[in-house]
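Here is how the chains run, residue by residue.
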Amino acid sequence: MEINYYDIKNKSNIIDVRLAKEFNKNNLGFINIPKFTLLREPDKYLNKNEKYYLLCSTGEVSLSCAKILNALGYHCYSITGGIERIN
């Protein structure tokens, strides 16, 4: 359920799940959908036929989010180590 950032071939499906305030301080150019927004309405943002890579500061929040979304039938991976590891 975790993946290394450098192993992702299609970087277009990376979602930064940090709060907008955190995202704006250190934006790496990915789409920002805060965790609670994404979990509240996943069908609005995700397609069950695609893979998504979730990113947060350290990888812990994105991992918990990926676990919940995978249980709902989505295909999500947490980027190991988060922003701290790729920045």
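Up top you'll find the structure we're talking about.
Source: prediction; values computed, not measured.

K.L.:
Could you clarify how one ought to interpret the packing of aromatic side chains in this entry?
P.N.:
Two aromatic rings are characterised by how far apart their centres lie and by the angle between their planes. In the structure shown here, the tally under the stated rule is three aromatic pairs. Ring geometry for Y5 and F30: centres 6.2 Å apart, planes at 65°, overall edge-to-face. Of the two residues, Y5 sits in the loop between β1 (2-3) and β2 (14-16) while F30 sits in the loop between α1 (20-25) and β3 (31-32), which places them 25 residues apart along the sequence. Summarising the burial analysis for this pair, Y5 and F30 share the class buried. Centre to centre, the rings of Y53 and Y77 are 5.7 Å apart; their planes meet at 20°, and the pair counts as stacked. Of this pair, Y53 sits in strand β4 (residues 51-55) while Y77 sits in strand β5 (residues 75-79); the two residues are 24 residues apart in sequence, bridging distant segments of the chain. Owing to a relative accessible area of 10%, Y53 belongs among the buried residues under this scheme. Within the aromatic cluster, the residues linked to one another by ring pairs are Y5, Y6 and F30.

Thresholds, definitions, all that
Residues numbered from 1 in each chain as written. Predicted model: local features only at pLDDT ≥ 70, side-chain atom pairs only at ≥ 80, totals over all residues. Heavy atoms only, no water. Phe/Tyr/Trp six-rings, centres within 6.5 Å; stacked < 30°, edge-to-face > 60°. Helix = DSSP H or I, 4+ residues; strand = E, 2+ residues; numbered from the N terminus. Buried < 20%, exposed > 50% of the residue type's maximum accessible area, 1.4 Å probe, protein only.

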